[in-house]
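Geometric and topological summary
Chain by chain, the residues run as shown.
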Amino acid sequence: QVQLVESGGGLVQPGGSLRLSCAASGFTLEHYAVGWFRQVPGKEREGVSCISSSDGRTYYADSVKGRFTISRDNAKNTVYLQMNSLKPEDTAVYYCADRPFNCAPQANEYDFWGQGTQVTVSS
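What comes next concerns the included structure.

**Overview of the packing of aromatic side chains**
- Counted according to the given criterion, the structure contains four aromatic pairs.
- A ring pair is formed by Phe-37 and Tyr-110, whose centres lie 5.1 Å apart and whose planes are at 75 degrees; its orientation type is edge-to-face. Placement of Phe-37 in strand E4 (residues 32-39) and of Tyr-110 in the loop between strand E9 (92-100) and strand E10 (112-113) is noted, with a sequence separation of 73 residues between them. Taken as a pair, Phe-37 and Tyr-110 share a single burial class, namely buried.
- Overall, Phe-37 belongs to the buried group, its relative accessible area being 3%.
- Put simply, the rings of Phe-37, Tyr-95, Tyr-110 and Trp-113 touch in pairs and so form one group of aromatic residues.

**Looking at the layout of surface pockets**
- By volume, the largest pocket amounts to about 180 Å³.
- Surrounding the largest pocket, 14 residues form its lining, Gly-47, Val-48, Ser-49, Ala-104 and Pro-105 being those nearest its centre.
- Breaking the lining of the largest pocket down by element, the ones donating at least two residues are E4, strand E5 (46-51) and strand E6 (58-60).
- Of all the elements, E5 adds the most residues to the lining of the largest pocket, at four residues.

Rules and cut-offs
Residues numbered from 1 in each chain as written. Predicted model: local features only at pLDDT ≥ 70, side-chain atom pairs only at ≥ 80, totals over all residues. Heavy atoms only, no water. Phe/Tyr/Trp six-rings, centres within 6.5 Å; stacked < 30°, edge-to-face > 60°. Helix = DSSP H or I, 4+ residues; strand = E, 2+ residues; numbered from the N terminus. Buried < 20%, exposed > 50% of the residue type's maximum accessible area, 1.4 Å probe, protein only. 1 Å grid on protein atoms, 1.4 Å probe; cavity = no way out; pocket = protein on both sides within 12 Å on 5 of 7 lines; lining within 4 Å. Points joined across faces, edges and corners; volume = space filled by probe spheres on them.

Everything listed here is a matter of coordinates, which is why it stays silent on function.
Put into structure tokens, the structure is as follows:
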């Protein structure tokens, strides 16, 4: 079986930081592009960031550029999302998902999804 598991979410004050992890089991994550998405009640799921496998390029939504950094540790079969300078509008359930090789902008282009981890930014 294959699995993606997000972790690292929690409650943080505005201006704080969190690092989310997307850990894969049952397959080798380095051969896949991995995207991070987030969703809040009443809003559509939005892309946050992605890291490709084929060329290692990274992509960020305008709303998180300069604050979030995506990276991968192939030895741990894990992709990370470092989130700094967090704002209340970053509050959401964050999901990771994969697709072959290259990043894509739309959620429905990704093949396999984790269960999500809650991020709450509040004072």
